[in-house]
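So you can see what is in the structure, the chains are spelled out below.
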Amino acid sequence: MTVENDIAYGIHAVASLVENRSKRLQEVLINRDRRDKRVQRVIDLCKDGQIKIKFLERQAFDRLIKKYQLEEVPHQGILAQTTPMETLSEHDLWPLLEQTSEPIFLILDGVTDPHNIGACLRTADATGVTALIVPKDKSATLTAAAIKIASGAAETIPFIQVTNLARTMRSLQDKGVWIVGTAGEADHSLHQARFKGPLALVMGAEGSGMRRLTRETCDELINIPMLGQVSSLNVSVATGVCLYEIVRQRLAN
Ligand SMILES: C[S@@+](CC[C@H](N)C(=O)[O-])C[C@H]1O[C@@H](n2cnc3c(N)ncnc32)[C@H](O)[C@@H]1O
């Protein structure tokens, strides 16, 4: 399924764009048949924020859903027309590094499921991550699905696409960033690691984990203890576990 990233869908995603007064937001489109309390709240928010709303007859709304190939997604009868989400490149990384005293970069090496990208963005926002870094190839981008799952975090976390991930990692290391990779077979656990100073956390792809060069470029590899029969966690769950351990250690100091 391809979805444009100049459309956001679903009550939560559209409400966050309105609440955050997103500069990307152009117009909210609502199926006239949908008039429950939650949709009414979005309508009120739009009126307060002087955002343009268009109520469409069911057939016209369905035509839009078809045009944007959103038949399979939970759009809840509400869409927002937006300008495309801004993606950044490696050049945008260095000012972010300079502006932040103890940055945490989250690197996703080849994560392809937009749901995982969205969930990682959401957790990244909650845990004070400075930016999300992904390789340009072999990675999901900020699709409408990822933006929706991110629940507003796609607006707050810089999304940086780099052409050569290993080179970016080495440049981060040259600038004093300690790079921690995650792999089930690492010889020490996340709870034994000490997360101090500028940090980058690297997560691997859903099926194959981190690529060899990415893994070799890390300064340290950690595992998340797995006490049952299953060998690994979903990447967005693993991201949450690691980021919250980093937050726990930083708050304890
Ligand atoms: C589904 S796992 C990939 C499993 C893959 N077979 C492997 O060997 O890496 C996706 C990513 O989640 C993270 N992850 C999942 N479970 C983990 C664990 N127990 N320890 C460390 N990282 C884990 C890692 O970043 C991993 O690359």
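Small disclaimer: the values here were computed from a predicted structure and weren't measured. (Residues numbered from 1 in each chain as written. Predicted model: local features only at pLDDT ≥ 70, side-chain atom pairs only at ≥ 80, totals over all residues. Heavy atoms only, no water.)

Enquirer: How would you explain the overall build of the protein chain if you had to name every residue and give the values?
Expert: Each helix and strand in the protein chain was counted, giving ten helices and ten strands. Expected size for 253 residues packed as a compact globule is a radius of gyration near 18 Å; at 20 Å, the protein chain falls within 12% of this value. Taken over the C-alpha atoms alone, the protein chain extends approximately 60 × 40 × 35 Å along its principal axes. A total of 253 residues make up the protein chain; the buried ones form 54% of that total. Considering only contacts in the protein chain between residues 6 or more positions apart, those separated by 24 or more positions represent 81%. In the form shown here, the protein chain has an accessible surface area of approximately 12,700 Å², with 49% of it arising from carbon and sulfur atoms. Distance between charge centroids for the protein chain: 5 Å, based on 30 positive and 30 negative side chains. (Helix = DSSP H or I, 4+ residues; strand = E, 2+ residues; numbered from the N terminus. Rg over C-alpha atoms; globule rule 2.2 N^0.38 Å. Buried < 20%, exposed > 50% of the residue type's maximum accessible area, 1.4 Å probe, protein only. Contact = heavy atoms within 4.5 Å. Areas by Shrake-Rupley, 256 points an atom, 1.4 Å probe, with all protein chains shown as cover. Lys, Arg positive; Asp, Glu negative; His and termini not counted. Charge placed at Lys NZ, Arg CZ, Asp CG, Glu CD.)

Enquirer: Describe the sheet that holds strand β9 (residues 199-204), with residues and values.
Expert: On the basis of which strands lie adjacent, the open sheet formed by six strands has the order β7-β6-β5-β9-β8-β10 and parallel pairing. Sheet topology places β7 (159-162) and β10 (220-222) at the edges, where each strand pairs with a single neighbour. In this sheet, adjacent strand axes meet at a mean angle of 25° when their direction is disregarded. Across three bridges, the pairing between strand β5 (residues 104-109) and strand β6 (residues 131-135) is parallel. From the neighbouring strand, Ile107 faces β6, where its bridge partner is Ile133. Where helix α5 (residues 114-126) meets the sheet, its contacts fall on β5, β6 and β7, and the angle it forms with β5 comes to roughly 170°. The sheet strands contacting helix α10 (residues 235-252) are β5, β8 (178-182), β9 and β10, and the helix crosses β9 at an angle near 160°. (Pairing = 2+ DSSP bridges. Axes fitted to C-alpha atoms, helices over the stretch in contact; angles between N-to-C directions.)

Enquirer: Please give an account of a nonpolar patch on the surface that cites residues and values.
Expert: Side chains of Met226, Val230, Leu233, Val237 and Val241 sit close together on the surface and give an oily, nonpolar patch of about 370 Å² of accessible area. Note that Met226 resides in the loop between β10 and α10. (Patch = residues over 30% accessible without salt bridge, like charges linked within 9 Å, V, L, I, M, F, W, Y side chains within 5 Å. Salt bridge = Lys/Arg side-chain N within 4 Å of Asp/Glu carboxyl O.)

Enquirer: Help me get a handle on the site of the ligand, residues and values and all.
Expert: Contacts to the ligand come from 17 residues, most closely from Thr182, Gly204, Glu206, Ile224 and Leu233. Thr182 places a polar side-chain atom, nitrogen or oxygen, 2.6 Å from an oxygen atom of the ligand. Here a nitrogen atom of the ligand and a backbone polar atom of Leu233 are 2.9 Å apart. Across the complex, the protein chains shield 83% of the 560 Å² of accessible surface that the ligand would expose by itself. (Near = heavy atom within 4 Å. Polar contact = N/O pair within 3.5 Å; in protein donor to acceptor, adjacent residues only side chain to side chain.)

Enquirer: Summarise the pattern of salt bridges; cite the residues concerned and give the values.
Expert: Scanning the entire structure with this criterion turns up twelve salt bridges. Linking Arg34 and Asp36 is a salt bridge whose minimum nitrogen-to-oxygen distance equals 2.4 Å. One salt bridge connects Asp109 with Arg211, and the closest N-O pair in it is separated by 2.7 Å. Residue Asp109 is located in strand β5, and its partner Arg211 is located in the loop between β9 and α9 (212-217); the two are separated by 102 residues in the primary sequence. Through salt bridges that share partners, Glu27, Lys52 and Lys54 make up one connected network.

Enquirer: Break down helix α1 (residues 11-19) for me, citing the residues and quoting the values.
Expert: In an α-helix, one turn spans 3.6 residues; hence positions three or four apart end up facing the same way. Across the nine residues of α1, seven count as buried, placing the element largely inside the fold. Three or more residues of α1 are buried, namely Ile11, Ala13, Val14, Ala15, Ser16, Leu17 and Val18. In this structure, the buried side of α1 is in contact with β1 (7-9), β2 (25-31), α2 (37-48), β4 (78-82), α6 (144-150) and α7 (153-156). At the exit of α1 stands Arg21, carrying a positive phi of roughly 50°.

Enquirer: Provide a residue-level description of the UniProt feature "domain: RNA 2-O ribose methyltransferase substrate binding" (unreviewed entry) in the protein chain, including the pertinent values.
Expert: Per the UniProt record, the feature "domain: RNA 2-O ribose methyltransferase substrate binding" (unreviewed entry) sits at residues 7-88. Taken as a whole, residues 7-88 contains 38% helix and 23% strand, while its terminal C-alpha atoms sit 19 Å from one another. (UniProt positions renumbered as here; feature names shortened; annotations may be inferred.)

Enquirer: Can you tell me about the domain arrangement of the protein chain, naming the residues and giving the values?
Expert: The domains assigned to the protein chain are domain 1 (7-82) and domain 2 (90-252). Computed over C-alpha atoms only, the centres of domain 1 and domain 2 are separated by 31 Å. Taken together, the contact pairs twelve residues of domain 1 with seven residues of domain 2. For the pair domain 1 and domain 2, the two sides together bury roughly 750 Å², of which 56% comes from carbon and sulfur. If you sort the residues of domain 1 by the area they bury against domain 2, Tyr9, His12 and Arg24 come out on top, with a joint share of 47%. Where domain 1 meets domain 2, there are one salt bridge. As a salt-bridge pair, Glu155 and Arg24 come within 2.7 Å of each other at their nearest N and O atoms. Our count for the contact surface shared by domain 1 and domain 2 stands at two residue pairs in polar contact (both at pLDDT 80 or more). Looking at the side of domain 1 that touches domain 2, the elements that each hand over two or more residues are β1 and α1. Residues that form the side of domain 1 that touches domain 2 fall into these classes: five nonpolar, six polar and one charged. (Domains from an automatic or database assignment. Buried area = accessible area lost by both parts, 1.4 Å probe. Nonpolar A, V, L, I, M, F, W, Y, C, P; charged D, E, K, R; others polar.)

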